[in-house]
Amino acid sequence: MKRFRGTLLSALSCLLALLCGILLLHDPFVGQGVSLLLAAGLDVLRAQLIAALMMTAAAALLAMFVLRKRLGAMIGASGAFFSVYLLGFLHAEQQPVYDPGGGLEPLNGAVLFHTTLLMLALALVCAFIGAAIGGALGEVLLDPPFQVAQKLWQRRQSGPSYVQAPIAPARSGRKLIFTLAGTITMLGLIVLASGSGDLFLFSPDLGLHVLPTLPNGRSYMFGTVIQDEMTSPILGGQKKAFLVYLPPSYMTAQATAKRYPTLYLLHGSPGTAIDWIKGGKADQSVNTLISLGKIADLILVLPDGNGRARAPSEWGNSFDHQQNIETSVVNELVPYVDKKYRTIADARHRAIGGLSMGGFGAANIGIHHPNIFGSIISLGGYYYAEGAIWGNKASVLQQNSPALVLPNKKEAWKLHFYLGAATKDHPYITEAKQFAQELTKLHIPYTFDLQEGYHAWRVWQVQLYHALLWLQWGG
């Protein structure tokens, strides 16, 4: 009878968690969570995943709080996540996807399967966390009044007291086996879920599609991405690693004397040098455009802009000059690259670009050094200095705000600007439009690329593709 009662409670817990999850994973509950995450600067896909996981945890919490059956609560909540969120995600990803040039990108089934496993592991871990919290809340809020009521009821009964029979050894052994199996399973889920970081840093659809087939029987020509390292005396002897994309012709015998234009791409915050490869598909876009004959071969340099301070570096020189990232890029990285690689070492053949914090950094560094960089690509960037790195000093903020520096720096009016913005990327779209108006007043040429979307890699992938076509080396 006791075993039947436990099984029944587990089934009821599973059903309750499933129903709660289905309810929470539909509007208005999950919609409110998505709206809050969008307001915080996330894009739709990441916001939907995070909100769905939060609702999964909440469903398990409620079921565990009421019925106190952890396994049932976890299974029911995860089932709701699968049926409402994950099936919808899988259906959406099986729709046709095109690269910025209009080429159909086939779905990578192996990566989709792996992503599905990651999401299920995340859902189960979140359900476990929610159930743990629900159980703790139940012990504090429900158990004391229930125990008082139980004692009062027992006092009203005049029957004899009973002594609980000892647990049989076989039953105790089975319970130990189930406990160990549950522990091993949870550890496995945690290990699997720990590999899901890129889903939150970039996008849940990261890597789900492969290169499209080129038209007219063309074949891809692939460049090479290598890692390099430079010791920076300006940064106190730090070793700064960075990535370099070398075009398809670079290693060929016919091009041993050929030199190439260079584009420096700065990452956002938080971020690392590889972000433009993983999230931005920079190498894929360059390979595609070179293979199609739409752009000339070029070198990409992807630096690391993370400093020693806890605050984002903003790709700038800190107010106390203890972290001079900008000076290191201009006075150390550029000469190092020009010396080691076959670049065309002049401003007309050297561009700087970036996204978000990197978009700000590209504009700030480029305007400060128009003799080093001839073109600036700012995607989702901003044009007034912000952040703790400036020490809240008015003079430092003024000197590092592109919108305030440019009107008084006539030598920078020869620069070419490519501004990228997204329709729902607030407040950055407003700053981009205001900066474009300033460029118009100063009669500085620029291109404004407005895409539908948020502060997201999908937008920046398209805009980088367009910007690569826009670059006119030596123009």
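Let me sum up the structure you'll find in this document. (Residues numbered from 1 in each chain as written. Predicted model: local features only at pLDDT ≥ 70, side-chain atom pairs only at ≥ 80, totals over all residues. Heavy atoms only, no water.)

**A look at the overall build of the chain**
When you go through the chain residue by residue, the secondary structure sums to 16 helices and eight strands. Its C-alpha atoms give the chain principal-axis dimensions of about 100 × 60 × 40 Å. Put simply, the chain has 475 residues, and 49% of those count as buried. As presented, the chain carries roughly 23,700 Å² of accessible surface, and 62% of it is formed by carbon and sulfur atoms. Of the side-chain charges in the chain, 36 are positive and 28 negative, and the distance between the mean point of each set is 12 Å. (Helix = DSSP H or I, 4+ residues; strand = E, 2+ residues; numbered from the N terminus. Buried < 20%, exposed > 50% of the residue type's maximum accessible area, 1.4 Å probe, protein only. Areas by Shrake-Rupley, 256 points an atom, 1.4 Å probe, with all protein chains shown as cover. Lys, Arg positive; Asp, Glu negative; His and termini not counted. Charge placed at Lys NZ, Arg CZ, Asp CG, Glu CD.)

**Brief notes about the sheet that holds strand 6 (residues 375-379)**
The strand order across the open sheet built from eight strands is 1-2-4-3-5-6-7-8, with neighbouring strands paired in mixed fashion. The open sheet is flanked by strand 1 (224-232) and strand 8 (446-451), the only strands paired with a single partner. Strand-to-strand twist of the sheet, defined as the mean angle between neighbouring strand axes without regard to direction, takes the value 20°. Bridging between strand 7 (residues 416-422) and strand 8 involves six bridges; their strand directions are parallel. Among the inter-strand pairings, Tyr 418 is bridged to a residue of strand 8, identified as Thr 447. Of the strands in this sheet, strand 3 (262-266), strand 5 (350-355), strand 6, strand 7 and strand 8 touch helix 16 (residues 457-470), which is tilted by about 155° from strand 7. (Pairing = 2+ DSSP bridges. Axes fitted to C-alpha atoms, helices over the stretch in contact; angles between N-to-C directions. Contact = heavy atoms within 4.5 Å.)

**Notes on the packing of helix 4 (residues 70-93) against helix 5 (residues 109-141)**
Following both chains from N to C, one finds helix 4 and helix 5 inclined at 145°, their axes separated by 9 Å at the closest point. Crossing of helix 4 over helix 5 shows right-handed handedness. On the side of helix 4, the interface is formed by Arg 70, Met 74, Ala 77, Ser 78, Phe 81, Phe 82, Tyr 85, Leu 86, Phe 89, Leu 90 and Glu 93, while helix 5 contributes Leu 112, Thr 115, Thr 116, Met 119, Leu 120, Ala 123, Leu 124, Ala 127, Phe 128 and Ala 131. Classifying every residue of the contact of helix 4 with helix 5 by side-chain character gives 16 nonpolar, three polar and two charged. (Left-handed = near helix turned anticlockwise from the far one by under 90°. Nonpolar A, V, L, I, M, F, W, Y, C, P; charged D, E, K, R; others polar.)

**Details of the pattern of salt bridges**
Evaluated as defined, the whole model comprises nine salt bridges. For Arg 46, the salt bridge is made with Asp 43, and the minimal N-O distance between the two is 2.6 Å. Overall, the relative accessible area of 10% leaves Arg 46 in the buried class. A salt bridge links Glu 105 to Lys 281; the shortest N-O distance between them is 3.8 Å. Taken together, the residues Glu 105 in the loop between helix 4 and helix 5 and Lys 281 in the loop between helix 9 (275-278) and helix 10 (282-291) connect sequence positions 176 residues apart. Taken as a pair, Glu 105 and Lys 281 share a single burial class, namely buried. (Salt bridge = Lys/Arg side-chain N within 4 Å of Asp/Glu carboxyl O.)

**Let's talk about the environment of Leu 120**
Within the fold, Leu 120 resides in helix 5. Note: C-alpha distance between Leu 120 and Gly 76 (44 residues apart in sequence) is 13 Å. Leave out the neighbours within four places in its chain, and Leu 120 touches Phe 82 and Leu 86.

**Considering the environment of Trp 473**
Here Trp 473 lies in the segment after helix 16. On the basis of relative accessible area, Trp 473 is assigned to the partly exposed category, the value being 23%. As a C-alpha pair, Trp 473 and Ala 347 span 126 residues in sequence and 9.5 Å in three-dimensional space. Discounting residues that sit within four places of it in the chain, Trp 473 has contacts with Pro 261, Thr 262, Leu 263, Leu 298, Arg 348, His 349, Arg 350 and Ala 351.

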